Every structure is written in C-alpha cells, then in structure tokens.
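Here are the chains, one letter per residue:
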Amino acid sequence: MVVVGGYLGAGKTTLLNRLLGNAAGLRIAVLVNDFGEINIDAALIRTRSDDVIQLENGCVCCSIGDRLVQALAEVSDREERPDLLVIEASGVSDPMRIAQVGMLDAAFRLNAVVVAVDVPQLQAHLEHPLVGDMVRQQIGAATALVLTKCDLAQAPDVQHALQALRGLAPRAAVFRALQGAIPMSVFLDEADHSGRSAPAWLRGPRGSGRWQSMAGGAPLHEAIGSFSFRSATGFHKQRLKQVLRNMPGGLLRAKGIVHVQGEADAQEFHVVGGRVRVARMPAVTLSAPDQESVLVFIGCMSPDDRAQITRQLESALAA
Ligand SMILES: Nc1nc2c(ncn2[C@@H]2O[C@H](COP(=O)(O)OP(=O)(O)OP(=O)(O)O)[C@@H](O)[C@H]2O)c(=O)[nH]1
C-alpha cells in the first residue's frame with residue numbers, strides 16, 4: 001500500500017497517472033478520495049474504471065473514515081488481490097491518518113507515504129493562516145517528498161523549498177518530478193521504517209491521529225467548503241478561461257471536466273495558485289462525462305462568492 005498525499009493541486013493525480021502509465025504487468029488498484037461532492041480525480045485517472053474505488057464528498061481521514069475501512073476490506077477480500085494499492089488522499093486530508101487506518105488491516109503493508117509538494121506555492125502555503133499547519137503536517141507525514149512544478153520555479157525558490165522541507169521532514173527521501181515522473185521503486189520498495197526514511201509517527205506508537213488543524217478555533221474542514229456547477233450546454237472557451245482567471249480570493253482550488261464550443265473532445269481544467277490550465281482530456285481517460293460539464297470549486301467562499309461564480313459561469317456558456 002502507498003498513500004499519496006499533499007495539498008490541493010500539488011500534483012497527486014499527475015503522479016498517479018505517471019505510475020499507472022509505467023506499471024506494465026503490475027495490478028494496481030487505486031482508491032481516490034476527493035473533497036468535493038463530485039470525484040473529479042477519479043474521472044482523471046487513466047486506468048480501467050474497475051480498478052478505481054471512489055470516495056467523495058468528505059475527507060477519508062475523518063468524516064468518511066468508515067468508508068475507507070470498508071473500501072480497504074473490499075480490496076483485501078478480492079479473490080485476486082492487486083499487487084499494489086495506491087490511496088490518493090484529498091488535498092486537505094492527513095496522509096498519516098490514512099496510513100494508520102491502512103496498517104490496521106493485516107492484508108496491507110505500508111510501502112510509502114508519498115507527499116507531493118508544489119514548489120512555486122510552498123512558501124505561500126506555509127504562510128497561509130488557514131492551511132499552513134495542515135501543509136506542515138502533510139509534509140511531516142512523508143517517507144518520500146516529491147517536489148513538483150520545479151519547471152515553474154526559479155532555482156533559488158527550489159533551494160528555499162529544499163531547506164524548508166529538510167526542517168519539516170528531515171528523514172524523508174526527496175525527489176524532483178517533472179509532470180509526475182519519479183522512480184517506480186518509491187512506490188514498490190518497502191520503506192525502511194526503522195531507518196532514514198521513517199517519520200517519527202511510524203517509528204513511535206500510533207497517535208490518536210485525528211486531523212486537528214484549526215482555523216480560528218474551528219476544525220479545518222468546517223472552514224473549507226466546496227460546491228459544484230453542472231451544465232449540459234457547452235462553454236465558450238475564452239470566456240470560461242476569463243472567468244477562471246478572476247476567482248474570489250477565498251478560492252483554493254478549482255477543477256473539472258468541461259465541453260467547449262467547437263471542440264469534439266472533453267477538456268479538463270485546473271485552477272491552482274492563480275494558474276489556469278485548460279487542456280484536452282487524453283483519450284485513455286475513461287470516464288469523461290457525456291456532454292455534461294462538471295466543475296468543482298474548493299475554498300473558503302461566502303454564499304455571495306458562490307452566487308457570483310455561478311452567475312459568471314452562466315455568462316460563459318455558449319449561446
Ligand atoms: N508545470 C507543471 N505542472 C504540473 C506538474 N505536475 C502537475 N502539474 C499540474 O498541476 C495541476 C494540478 O495537478 P493534479 O495532479 O491534478 O493535482 P492534485 O494534487 O491531484 O489536485 P487535487 O486532487 O485537487 O488536490 C494540473 O494542471 C497539472 O497538470 C509539473 O511538474 N509541472
């Protein structure tokens with residue numbers, strides 16, 4: 001079992017897709033938790049849909065923990081067990097908690113807790129009053145840290161990130177990934193839990209583990225919400241990009257699968273740290289919804305923010 005964690009938009013699904021693309025001959029089952037009410041990540045995973053178990057609308061490390069236990073039992077009860085189970089945590093989950101739950105099932109052995117770190121955004125994430133503690137805890141849970149998006153960062157920023165990470169997870173192995181490429185051995189070899197790569201939580205007694213990042217005294221998950229927008233009418237691509245570039249400040253992440261006027265194929269879009277990317281979905285992705293566009297917005301948004309986003313999206317629909 002491998003748990004893949006890391007903050008919203010850090011590059012977890014990209015890592016997973018790269019692994020699946022390089023895994024010839026290996027049977028890999030994937031368990032995907034997405035924070036939003038629609039599991040966009042499950043739709044973006046490039047593998048046979050019967051190898052993907054979806055857990056949406058909550059966070060496996062707390063509110064839907066029972067469903068994680070059930071899903072693990074479902075995999076361990078299979079007649080033909082997979083060679084590897086990869087659990088992709090939602091971007092606001094605690095990978096430590098997920099690994100602890102997984103280790104309670106004797107059918108699984110923990111190979112690694114791989115945590116993706118968005119290098120260009122790391123400093124902003126660590127300084128963020130709401131999510132800073134959560135990002136630190138995610139990093140601290142890692143046996144392997146994967147530095148993503150170094151292609152978008154200046155060399156001094158990469159050095160600063162490395163320095164910060166050494167302080168937060170001194171025992172984790174560190175890899176740089178361009179578009180999710182890291183050695184397969186990170187997923188396949190059992191981490192040396194007594195040695196260099198083991199974080200304190202694996203070596204010491206299991207803690208109570210409940211995700212306790214606080215935002216102004218309220219549990220983090222109560223401060224962060226998500227909402228979705230669906231439409232059977234396609235979008236005007238440039239107008240949609242314009243809307244996505246002008247999101248309210250409380251938005252932390254947006255993603256989805258959309259249909260745009262004049263393009264036969266579905267497009268996936270990502271908004272991370274103010275960057276907007278809209279690109280054709282690869283043909284190997286199986287579960288693009290038919291003609292319906294599905295968009296998910298995650299953040300600390302007021303009802304006014306949500307109403308404004310909804311109005312703007314409606315105005316970006318193709319007439
Ligand atoms: N330039 C660049 N972009 C990357 C890299 N890795 C991932 N991305 C982009 O980052 C965005 C988010 O990547 P995802 O893999 O969906 O991130 P995630 O962590 O699964 O996101 P959530 O599940 O929402 O938390 C996408 O637009 C990716 O193409 C990289 O190495 N370089």
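Residues numbered from 1 in each chain as written. Predicted model: local features only at pLDDT ≥ 70, side-chain atom pairs only at ≥ 80, totals over all residues. Heavy atoms only, no water.

Comments concerning the pairing of strand E2 (residues 28-33)
If a strand is regular, its side chains alternate between the two faces of the sheet. Of all 6 residues in E2, 6 are buried, a share of seventy percent or more. Side chains of E2 alternate between two faces, with Ile28, Val30 and Val32 and Ala29, Leu31 and Asn33 buried alike. Relative to strand E4 (residues 84-88), E2 runs parallel, the two being bridged by 5 bridges. Looking at the pairing, Leu31 lines up with Ile87 of E4. Sheet topology places E2 next to strand E3 (residues 52-55); 4 bridges connect them, and they run parallel. The residue of E3 that forms the bridge with Leu31 is Ile53. (Buried < 20%, exposed > 50% of the residue type's maximum accessible area, 1.4 Å probe, protein only. Helix = DSSP H or I, 4+ residues; strand = E, 2+ residues; numbered from the N terminus. Pairing = 2+ DSSP bridges.)

Considerations on the side chain of Asp305
If you trace the backbone, Asp305 turns up in helix H12 (residues 303-315). Buried within the structure, Asp305 lacks any salt-bridge partner; its nearest side chain of opposite charge belongs to Arg306, at an N-O separation of 7.5 Å. Those residues within four positions of Asp305 in sequence are excluded, and the remaining contacts are Pro248 and Cys300. (Lys, Arg positive; Asp, Glu negative; His and termini not counted. Salt bridge = Lys/Arg side-chain N within 4 Å of Asp/Glu carboxyl O. Contact = heavy atoms within 4.5 Å.)

Structural notes on the site of the ligand
Residues in contact with the ligand amount to 21 residues; listed here are only the nearest, Lys12, Thr13, Thr14, Asp41 and Lys255. One of the side-chain N or O atoms of Glu88 is found 3.4 Å from an oxygen atom in the ligand. One nitrogen or oxygen atom from the side chain of Lys149 is found 3.2 Å from an oxygen atom belonging to the ligand. Coverage of the ligand by the protein chains reaches 93% of its 650 Å² of free accessible surface. Given that more than half its atoms are within 2 Å of the pocket grid, the ligand belongs to the largest pocket. Sorting the residues of the shell around the ligand by element identifies helix H1 (12-21) and strand E11 (251-258) as the ones contributing at least two each. Taken together, the residues of the shell around the ligand sort by class into 6 nonpolar, 7 polar and 8 charged. Each of domain 1 (2-215) and domain 2 (224-315) gives at least three residues to the shell around the ligand. (Near = heavy atom within 4 Å. Polar contact = N/O pair within 3.5 Å; in protein donor to acceptor, adjacent residues only side chain to side chain. Areas by Shrake-Rupley, 256 points an atom, 1.4 Å probe, with all protein chains shown as cover. 1 Å grid on protein atoms, 1.4 Å probe; cavity = no way out; pocket = protein on both sides within 12 Å on 5 of 7 lines; lining within 4 Å. Sits in = over half its atoms within 2 Å of the grid points. Nonpolar A, V, L, I, M, F, W, Y, C, P; charged D, E, K, R; others polar. Domains from an automatic or database assignment.)

Notes on the domain arrangement of the chain
When cut into domains, the chain gives domain 1 (2-215) and domain 2 (224-315). Opposite the 26 residues of domain 1 that make contact, domain 2 presents 26 residues. Where domain 1 abuts domain 2, roughly 2000 Å² becomes buried across the two surfaces, and 69% of that area is made up of carbon and sulfur atoms. Counting across the domain 1 and domain 2 interface gives 0 salt bridges. Viewed at the interface, domain 2 and domain 1 are joined by 0 residue pairs in polar contact (both at pLDDT 80 or more). Per-class residue counts for the side of domain 1 that touches domain 2 are 13 nonpolar, 6 polar and 7 charged. (Buried area = accessible area lost by both parts, 1.4 Å probe.)

A closer look at the packing of aromatic side chains
All told, the structure shown has 2 aromatic pairs when counted by the stated rule. Measuring from centroid to centroid gives 5.2 Å for Phe227 and Phe297, while their planes differ by 20 degrees, and the two rings are stacked. Note that Phe227 is positioned in strand E10 (residues 225-231) and Phe297 in strand E14 (residues 293-299), a separation of 70 residues in sequence. Grouping residues by exposure puts Phe227 and Phe297 together as buried. Ring plane angle 45 degrees and centroid distance 6.3 Å describe the contact between Phe229 and Phe235, whose orientation is recorded as tilted. A relative accessible area of 7% places Phe229 in the buried class. You can call Phe235 buried: its relative accessible area is 0%. (Phe/Tyr/Trp six-rings, centres within 6.5 Å; stacked < 30°, edge-to-face > 60°.)

Regarding the pattern of salt bridges
Counting across every chain of the model gives 7 salt bridges. In this structure, the salt-bridge partner of Arg136 is Asp133, at a minimum N-O distance of 3.3 Å. Here Asp133 and Arg136 lie together in helix H6 (residues 132-140), a separation of 3 residues that amounts to about one turn. Look at Asp133 and you get partly exposed, because its relative accessible area is 43%. The closest approach of N and O atoms between Asp265 and Arg280, which form a salt bridge, is 3.3 Å.

Quick look at empty space enclosed by the protein
Summed over all chains, the structure comprises 2 cavities of 30 Å³ or more. When its volume is computed, the largest cavity comes out at roughly 70 Å³. What lines the largest cavity is simply Gly6, Tyr7, Ala10, Val115, Ala116, Val117, Asp118, Leu122, His125, Val135, Gln138 and Ile139. Elements with a contribution of two residues or more to the lining of the largest cavity: strand E5 (112-118), helix H5 (122-127) and H6. When residues of the lining of the largest cavity are assigned to their parent elements, the largest contribution, 4 residues, is made by E5. Broken down by class, the residue content of the lining of the largest cavity amounts to 8 nonpolar, 3 polar and 1 charged. (Points joined across faces, edges and corners; volume = space filled by probe spheres on them.)

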